[in-house]
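# Summary of the model geometry
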Amino acid sequence: MIILGFESSCDETGVAAVCTERGLLAHALHTQIAMHQEYGGVVPELASRDHIRRVVPLTRQVLQEAGLALSDVDAVAYTAGPGLAGALLVGASVAQALAWSRRLPAIGIHHLEGHLLSPMLADPRPEFPFVALLVSGGHTQLMRVDGVGRYELLGETLDDAAGEAFDKSAKLLGLGYPGGPALSRLAEQGDAARFDLPRPMLHSGDLDFSFSGLKTAVLTRVRAASPDGAIDEQTRADLAAATQAAIVDVLCAKSVRALKQTGLKRLVVAGGVGANRLLRAKLAAALEPTKARAYFPPLSLCTDNGAMIAFAAAERVKAGLAVLDADAHAFTVKPRWDLAEIA
Ligand code: KG4
Ligand code: ZN
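Residues numbered from 1 in each chain as written. Chains lettered and ligands numbered in written order. Predicted model: local features only at pLDDT ≥ 70, side-chain atom pairs only at ≥ 80, totals over all residues. Heavy atoms only, no water.

Another point: the sheet that holds strand β9 (residues 266-270). Here five strands make up an open sheet; going across it, the order is β8-β7-β6-β9-β10 and the pairing mixed. Each edge of the sheet is formed by a strand with only one pairing partner; in this case those strands are β8 (150-156) and β10 (293-295). Mean inter-strand twist for the sheet, computed between neighbouring axes without regard to direction, equals 25°. Where strand β6 (residues 130-135) meets strand β7 (residues 140-147), six bridges bridge the pair, whose relative direction is antiparallel. Bridge pairing in β7 links V135 to T140. Packing against the sheet, helix α8 (residues 233-262) makes contact with β6, β7, β8 and β9, and its axis sits at approximately 155° to β6. (Pairing = 2+ DSSP bridges. Helix = DSSP H or I, 4+ residues; strand = E, 2+ residues; numbered from the N terminus. Axes fitted to C-alpha atoms, helices over the stretch in contact; angles between N-to-C directions. Contact = heavy atoms within 4.5 Å.)

Right, here's the structure in full:
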């Protein structure tokens, strides 16, 4: 069965074709980073309008690269939430219109389920059950995953997400949007040991996170280092390195604790922050003395993309969890949507 998937929840338009037997056939992506950069963050209305411009050319590209005609497509999938309402509506309406016109079923996918299953697009593919560390711009969660659709929340952030901590600290250091990649690049020139930043909730004994205090600590250090409003290059780099080290330390420690608590031996890392090189290296090192192993999506599929949405739909179809009704085309999107609610 061939599924055409659409992702448009935030600032990336992604389209992909996945075959339930052969896996990923083709995917194409347009990122709006350059467009939002001058505003220092995502402008929702601009995001929606750009998704409209990009979605049809990207669909044509995917079909061509996969060697498919529209008549070869058996089902359509789209991100139904969570995300920006207007942005979600673009992918949802295009997918539903396409499905309706060709009398195909349309499958609404939870964005985080897409991230959660995306490491299964890599080789080697993790087997169930595993612990998933979901670290994106809007979410930081540890989940126990026993199978497709079987997700149990173990812990989550009480305030800012890890990606948000990267983005907000980057802004304080005068870096552009998105802050995560910019901050980690600057950190390569810095000495993380120069500033002793807090590791929030490191010893809380549970699997929850809190990152809002870190941003305040960075702000205090920036102010102290720049009484005249200017901060020297080395101090910026050292602060970037210290911030990254603090976030990564907490993510590593809680992931190791989640493995210990559940007795599971596989850790799957997904979401944009999963692209962070220090996080990848530190997790691998932390798991080295244990029998556990970390799995990551391919770097290009860490941030938002259509492949993970089409793939999640394919996995739901294979697990018998997708409603394949070619005549049901009423739809809604859910800007807020708890992953634990889906079955
Ligand atoms: O999963 P994603 O693309 O979108 C959401 O669903 O939120 O994640 C975006 C987040 C942003 O906060 C971005 O700064 C962060 O992932 N990010 C990174 C890196 N690449 C992206 N954070 C740290 N290091 C990176 N290399
Ligand atoms: Zn995402």
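This part takes up the coordination of the zinc ion (ligand 2). In a perfect tetrahedron of four donors around a metal, the angles come out at 109.5 degrees. In a perfect octahedron of six, they are 90 or 180 degrees. Those protein atoms acting as donors to the zinc ion (ligand 2) are H111 (NE2), H115 (NE2) and D304 (OD), and they sit at 2.0 to 2.1 Å. Taken together, the four donor atoms surrounding the zinc ion (ligand 2) define angles of 92 to 141° at the centre, an arrangement classified as irregular. (Donors = N, O, S within 2.8 Å, 3.2 Å for Na, K, Ca; no water. Tetrahedral: all angles 85-135°; square planar, octahedral: opposite > 155°, others 65-115°.)

What follows deals with the packing of aromatic side chains. Counting across every chain of the model gives two aromatic pairs. Look at F209 and F211: their rings are 6.1 Å apart centre to centre, the planes differ by 20°, and that puts the pair in the stacked class. Comparing F209 with F211 shows no difference in burial state: the two are buried. Over the ring of Y295 we find R293; its NZ or CZ atom is 4.9 Å from the centre of that ring. (Phe/Tyr/Trp six-rings, centres within 6.5 Å; stacked < 30°, edge-to-face > 60°. Buried < 20%, exposed > 50% of the residue type's maximum accessible area, 1.4 Å probe, protein only. Lys NZ or Arg CZ within 6 Å of the ring centre and 35° of its normal.)

Below, the discussion takes up the environment of H36. Here H36 shows up in helix α1 (residues 33-37). In this structure the C-alpha to C-alpha distance between H36 and A47, which are eleven residues apart in sequence, comes to 8.3 Å. Other than its neighbours up to four places away in sequence, H36 contacts D11, G41, V42, V43, L46, A47 and Y177.

Before going further, it helps to spend a moment on the environment of R221. Mapped onto the elements of the fold, R221 is located in helix α7 (residues 212-225). Between the C-alpha atom of R221 and that of L197, which follows or precedes it by 24 residues, the distance is 9.1 Å.

Taken together, 18 residues surround ligand 1, and among them G137, D167, G180, G272 and N276 come closest. At 3.2 Å from an oxygen atom of ligand 1 is found a main-chain nitrogen or oxygen belonging to G163. G272 is positioned such that a nitrogen or oxygen atom in its backbone is 3.0 Å from an oxygen atom of ligand 1. For ligand 1, the protein covers 87% of the area, taking 550 Å² as the surface of the free molecule. (Near = heavy atom within 4 Å. Polar contact = N/O pair within 3.5 Å; in protein donor to acceptor, adjacent residues only side chain to side chain. Areas by Shrake-Rupley, 256 points an atom, 1.4 Å probe, with all protein chains shown as cover.)

Across the sheet, which stays open at both edges, the five strands sit in the order β3-β2-β1-β4-β5 with mixed pairing between neighbours. Each edge of the open sheet carries a strand with a single partner, namely β3 (23-31) and β5 (106-110). The mean angle between the axes of side-by-side strands here comes to 20°, regardless of whether they run parallel or antiparallel. Across the sheet, helix α2 (residues 44-66) touches β1 (2-7), β2 (12-19) and β3, and the angle it forms with β3 is around 150°.

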